[in-house]
Amino acid sequence: MADAVISFIHLGHAYRPGRWIFRDYSADVARGEVFALLGPNGRGKTTLLKILLRALKPAEGQVSVKGQFAFVPQLFQVSFDYSCLDMVLMGRAKKVGLFSQPSQKDEETALETLERFGMTDYAARPFHELSGGQRQLVIFARALVAEADILILDEPTSALDLKNQTLILDWIGRLSRNEGLTIVMTTHHPHHALAVADTALLMLGEANHIVGQPSEVLTEDNLTALYGVAMKRVSFEHGGRHIETLAYVLPPIGARKDL
Amino acid sequence: MRNPLVGPDLVGVTSGAALGGVMAMFFDWPPVGVIGLAFVGGLGAMVCTFSLAKLAGGRSDGIPVILAGIFIGAFFLACVGLVQFLAPDWKLTNMVYWLLGSFVGADPQKVYMLAIPTLAGGAILMCLRWRLNLLSLGDLDAASLGVNVTLLRWGLIALVSLIVAAQVSVSGTIGWIGLVVPHCARMLVGPDHRRLLPASALLGGLFILGLDDLTRSIVQAEIPVGVLTALFGTPIICFLFWKTQSKGWSID
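Note that the coordinates shown come from a computational prediction; the quantities given were computed from them, not determined experimentally.

Colleague: Quick rundown of the overall build of chain B? Include the residues and the values.
Modeller: On a plain count of helices and strands, chain B comes out with 11 helices and zero strands. Reading the helices (α) and strands (β) of chain B from amino to carboxyl end gives α-α-α-α-α-α-α-α-α-α-α. In terms of overall size, chain B behaves like a compact globule, its C-alpha atoms giving a radius of gyration of 18 Å where 252 residues would be expected to give roughly 18 Å. Principal-axis analysis of the C-alpha atoms places the extent of chain B at approximately 55 × 40 × 30 Å. When burial is assessed residue by residue, chain B has 42% of its 252 residues classed as buried. Sequence separation of 24 or more characterises 71% of the internal contacts of chain B that already satisfy a separation of 6 or more.

Written out as structure tokens, the structure is:
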């Protein structure tokens, strides 16, 4: 793909020789699209993210990332009670010289970005006092002040309640469609990928993956094969909109013979 | 190190510098040699601590570092004991008094010896003080923000080792300051290292001078300041430990 900002070909990684986590994965991520990575625990979603972030060298294959990226981790572990403004200001690290301090302009940029997310009132508040969704927004703001073209999100909604999940998904959509940011996200929620992603990659197995539009690849069969849980596509009308979503079918409680 | 419990004493650098210092005294090296060997000892101890932590936990911060620092520090202190055992009596007395930490031998030459590495190292640290905020994030998080985490961390370790070595070489091992004072400074000015680093430097100097002056005014005898910092520092860190325990050391 000519305008791919991220491209990986025959990508594979093994933490120990012969013990492949995944291999021969290939995909392109176009500029401005939302690309969702789906797979069960241990399939290598975070490993693939680390390779894209250049924190890990792949065991095989090639990766090309064109542009500045910013990372939004799944868990934020902050050792000290920095304010929200301090957290956002850290996003200016690439713009501030090694031996320099952030300037007044950097602080103003950070404050303006917080304002865009409606978080101005929280600028002086300690980051750890915020709710999960609010913390995500602060980290999104941090990614924006870094003037990144590419956001890499590791399970952005996993620790959030339903209301905050919809808030974050809304912002993912806005940042992609209105700001032109390219977003790569891992998720355990295929219905989130269906709602917001332009492309989905299903990590089905060591050397087995599917890439395509969510409406085409997030089929009941593919998702059942991916998660080992029966999945159903559900569609209904709500508020004048046609909604397509996914539901998983819980087996009767106590019926599992493998436990 | 993303952990407020980490200070020079707990990661072995003070013990390493102490070993370097006593070895230099054992071999009758000049004062510059004492600084040099103390620096090598301090840096060597830090390298051992972080290497052991990485072997054990694969990380260069957190609890593995503290535990490794305790083990390495204990080993280096045992080596200090061995050097003292082998030293003749007249050298031993000097070593013991030096190890207790004292300002009694302060003179202009020692001030110059201390000033050059401390001011040079301190100036670089001051320039890097905002970057210290970034090291509080996870390694992957900080790296994604463009920070060369490994280089920055090791650079800071080398600078701290240099300053600690210089201090240990002129005044012996004065512990607890590096652990207690930053906590107190953080309570006054907050966690942003742009304010915290200069505040800690000022507060540390004031604290130790004030403690030494106060004790000299009250007591006729020369109590080694290293003893005083331990006597006063331990209850303070216990209080701070209790006070912050409700939040925990790591906030997430």
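Colleague: Could you give an account of the overall build of chain A, with specific residues and numbers?
Modeller: Helix and strand content of chain A: eight helices and 11 strands. Overall, chain A is about 60 × 45 × 40 Å in size when its C-alpha atoms are taken along their principal axes. Here chain A holds 259 residues, and 41% of them are scored as buried. Put simply, of all contacts in chain A between residues at least 6 apart along the chain, 65% involve residues at least 24 apart.

Colleague: Outline the interface of chain B and chain A, listing residues and values.
Modeller: By a widely used convention, the size of an interface equals the accessible area lost when the partners come together. Residue-level contacts link 22 residues of chain B with 25 residues of chain A. Within the residue set of the side of chain B that touches chain A, elements represented by two or more residues are helix H6 (129-135) and helix H7 (139-144) of chain B. No other element matches H7(B), which puts four residues into the side of chain B that touches chain A. Residue composition of the side of chain B that touches chain A, grouped by class: 10 nonpolar, seven polar and five charged.

Colleague: Any chance you could break down the packing of helix H1 (residues 13-26) of chain B against helix H3 (residues 63-86) of chain B for me, citing the residues and the numbers?
Modeller: Residue and element names in this part refer to chain B. With their axes 8 Å apart at the nearest point, H1 and H3 run at an angle of 15° to one another. Considered as vectors, H1 and H3 are oriented roughly parallel to each other. At the point where H1 passes H3, the crossing takes the left-handed sense. Along its contact with H1, which presents Ser15, Gly16, Ala18, Leu19, Val22, Met23 and Phe26, the element H3 presents Gly73, Phe76, Leu77, Cys79, Val80, Val83 and Gln84. Residue composition of the contact of H1 with H3, by class: 10 nonpolar, four polar and no charged.

Colleague: Now, about the sheet that holds strand S7 (residues 182-187) of chain A: what can you tell me, with residues and values included?
Modeller: All names here are of chain A. Reading across the sheet, the six strands line up as S5-S6-S7-S3-S8-S9 and stay open at both edges, with mixed pairing between neighbours. Lying at the two open borders of the sheet, with one neighbouring strand each, are strand S5 (69-72) and strand S9 (208-212). Averaged over all pairs of adjacent strands, the angle between strand axes in this sheet comes to 15°, irrespective of strand direction. Bridge count between strand S3 (residues 34-38) and S7: five bridges; the pairing is parallel.

Colleague: Outline the confidence of the model for chain B, supporting the account with residue identities and numerical values.
Modeller: Per-residue confidence for chain B averages 84 on the pLDDT scale, and 90% of its residues sit at or above 70. Below a pLDDT of 50 lies the segment residues 248-252 of chain B, which in the model reaches 13 contacts outside its immediate sequence neighbourhood of four places, other chains included.

Colleague: Residues and numbers for the confidence of the model for chain A, please.
Modeller: Summing up the model confidence of chain A, the mean pLDDT is 89 and the portion of residues at 70 or higher is 97%. The lowest-confidence element of chain A is strand S11 (residues 241-248) of chain A, averaging 87 in pLDDT; the highest-confidence one is S3(A), averaging 96.

Colleague: How would you summarise the pairing of strand S2 (residues 19-30) of chain A if you had to cite specific residues and measurements?
Modeller: Residue and element names in this part refer to chain A. Sheet topology places strand S1 (residues 4-16) next to S2; eight bridges connect them, and they run antiparallel. In the sheet register, phenylalanine 8 faces S2, and the bridge partner there is alanine 27. Between S1 and S2, which pair antiparallel in sequence order, lie two residues; one of them, glycine 18, sits at a positive phi of approximately 85°.

Colleague: Outline the sheet that holds strand S4 (residues 60-65) of chain A, supporting the account with residue identities and numerical values.
Modeller: Residue and element names in this part refer to chain A. The three strands are arranged S2-S1-S4 in an open sheet whose pairing can be described as antiparallel. A strand with exactly one partner marks an edge of an open sheet, and here the two such strands are S2 and S4. When strand polarity is set aside, the average angle formed by the axes of neighbouring strands in this sheet is 20°. When S1 meets S4, the two strands line up antiparallel, connected through five bridges. Along S4, the bridge assignment pairs glycine 12 with glutamate 60. Relative to the sheet, helix H1 (residues 45-52) contacts S1, S2 and S4, its axis offset from that of S1 by approximately 120°.

Analysis parameters
- Residues numbered from 1 in each chain as written.
- Chains lettered and ligands numbered in written order.
- Predicted model: local features only at pLDDT ≥ 70, side-chain atom pairs only at ≥ 80, totals over all residues.
- Helix = DSSP H or I, 4+ residues; strand = E, 2+ residues; numbered from the N terminus.
- Rg over C-alpha atoms; globule rule 2.2 N^0.38 Å.
- Buried ≥ 20, exposed ≤ 12 C-beta atoms within 10 Å, placed from the backbone.
- Contact = placed C-beta atoms within 7 Å.
- Nonpolar A, V, L, I, M, F, W, Y, C, P; charged D, E, K, R; others polar.
- Axes fitted to C-alpha atoms, helices over the stretch in contact; angles between N-to-C directions.
- Parallel < 35°, antiparallel > 145°, perpendicular 65-115°, else oblique.
- Left-handed = near helix turned anticlockwise from the far one by under 90°.
- Pairing = 2+ DSSP bridges.
- pLDDT = per-residue confidence, 0-100.

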